[in-house]
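Here's the letter readout for the chains.
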Amino acid sequence: MRRMTARPANAHQARLLRLLRDGGPNSRAKLGDQVDLSRSKLAVEVDRLLETGLVVADGLAASRGGRRSHNIRLAPHLRFLGVDIGATSVDVAVTNAELEVLGHLNHPMDVREGPVAVFEQVLSMAAKLRDSGLAGGFDGAGIGVPGPVRFPEGVPVAPPIMPGWDGFPVREALSQELGCPVMVDNDVNLMALGEQQAGVARSVGDFLCVKIGTGIGCGIVVGGTVHRGATGSAGDIGHIQVEPGGRLCACGNKGCLEAHFSGAALARDAEDAARAGRSEELAARLAASGRLTAADVAAAAAAGDAASLVLIREGGNRVGQVIAGLVSFFNPALVVIGGGVTGLGYTLLAAVRAQVYRRSLPLATGNLPIVLGELGPAAGVTGAARLISDHLFSPV
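1. Focus: the side chain of glutamate 258
Here glutamate 258 is to be found in helix α7 (residues 257-260). Salt bridges are absent for the buried glutamate 258, whose nearest opposite-charge side chain, arginine 268, sits at 10 Å. Contacts of glutamate 258, omitting those with residues within four sequence positions, involve Ile161, Thr214, Gly215, Ile216, Gly238, His239 and Ala265.

The following block contains the structure:
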């Protein structure tokens, strides 16, 4: 069912909508404190938003002397769909206009099955959320994919781990199927937006968000806005060379960070260690399931397995080496580490920190937190909802 959502008519209305999204219900007086508008102009803009149905009155505000005004809030019927397509799974969530996750589903899915199969699964999950009573329909959807995206068109471009996706019109196809506006971005950019919206990066204007999963990428936030670069490929740090003449990477080059430390590389190294007799713990897990994952390495390390701890530290050192260069170049206020491999926890984090603090200048690292993300699997879907709300809460 197509839902016709109004859009703000000007920058003032867009600013008010975003303030209500990020801060929740508020009084006209307090909103006036945050925007550069006279009381009469503010009243005009709020009344126009009330007429569009984007906002509603929400009870009486606390008195500041004189007649009490009504609180204003975003319309409670608004619903956004957040979709985070990973290399091995799909997360789909529905949020309200204040980006609170109302329902969240996860399903294993290999992105290499191609866009048609993946989107059939996405649409099935979206229908399940809608039919559960959480949404009568969707006012907009944000989609994350694990590869480079030409952002204005919402089209993946030569993604190394996504055969069959090059040039697929994701934005156009899903907009037709869902009957609402759709925005598409790289999955790590959405993780950064999610952590900025509701996680560890709240109120931080300049930060890096590094996702370590099947691949490795970096979301770059500058002045509160995601930096995508001239063509949308900014932050593709998984293909920075860390080992000259090293392992062959999926991108066709040798020695990339992703080829030496990612979920897939770690699983491969763990299986090698198990077969070579360097770890009884990993060998037992391999015998039981026939394959190993990063989660197996995390569990083995937690049990004190020396070989697993070495693999995690070596990988953390390589990631830290790359992040140290980024810190020296960008001088962020925060570095967030997220993605599936963060199950490796503080062993990984300690190795990354050691490299960054040792290799980067004291001026850049003297007050630099390097932390794990707070939101886990909810980061991507929250960021996807933030992406589409940013679009819809912009002037027409």
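2. A word on the nonpolar core
The biggest cluster of nonpolar side chains holds 43 residues, and the ones touching the most others in it are Ile212, Ile323, Ile337 and Leu344. Sorting elements by how many residues they give to this core places helix α11 (residues 306-330) first, with 9 residues. Excluding its chain neighbours within four sequence positions, the residues that come into contact with leucine 344 are Phe261, Leu266, Ala294, Val297, Ala298 and Ile312. Leu37, Ala97, Phe151 and Phe393 belong to the second-largest nonpolar core, a separate cluster that totals 41 residues.

3. Here we look at the packing of aromatic side chains
Considering all chains together, one arrives at 4 aromatic pairs under this definition. Aromatic side chains phenylalanine 80 and phenylalanine 393 sit 6.1 Å apart centroid to centroid with 70 degrees between the ring planes, which places their arrangement in the edge-to-face category. A residue pair is termed long-range when its members are at least 10 positions apart, and phenylalanine 80 in strand β4 (residues 80-85) and phenylalanine 393 in the segment after α14 (378-392) qualify at 313 residues. For the pair shown, phenylalanine 80 and phenylalanine 393 are each scored as buried. With a centroid separation of 6.4 Å and 65 degrees between ring planes, the pair formed by tryptophan 165 and phenylalanine 168 is classed as edge-to-face. By relative accessible area, which is 0% here, tryptophan 165 ends up buried. On the basis of relative accessible area, phenylalanine 168 is assigned to the partly exposed category, the value being 21%. Joined through ring pairs, the aromatic side chains of Phe119, Trp165 and Phe168 make up one cluster.

Quick notes on the rules
- Residues numbered from 1 in each chain as written.
- Predicted model: local features only at pLDDT ≥ 70, side-chain atom pairs only at ≥ 80, totals over all residues.
- Heavy atoms only, no water.
- Helix = DSSP H or I, 4+ residues; strand = E, 2+ residues; numbered from the N terminus.
- Buried < 20%, exposed > 50% of the residue type's maximum accessible area, 1.4 Å probe, protein only.
- Lys, Arg positive; Asp, Glu negative; His and termini not counted.
- Salt bridge = Lys/Arg side-chain N within 4 Å of Asp/Glu carboxyl O.
- Contact = heavy atoms within 4.5 Å.
- Core = buried A, V, L, I, M, F, W, Y, C linked by side-chain atoms within 4.5 Å.
- Phe/Tyr/Trp six-rings, centres within 6.5 Å; stacked < 30°, edge-to-face > 60°.

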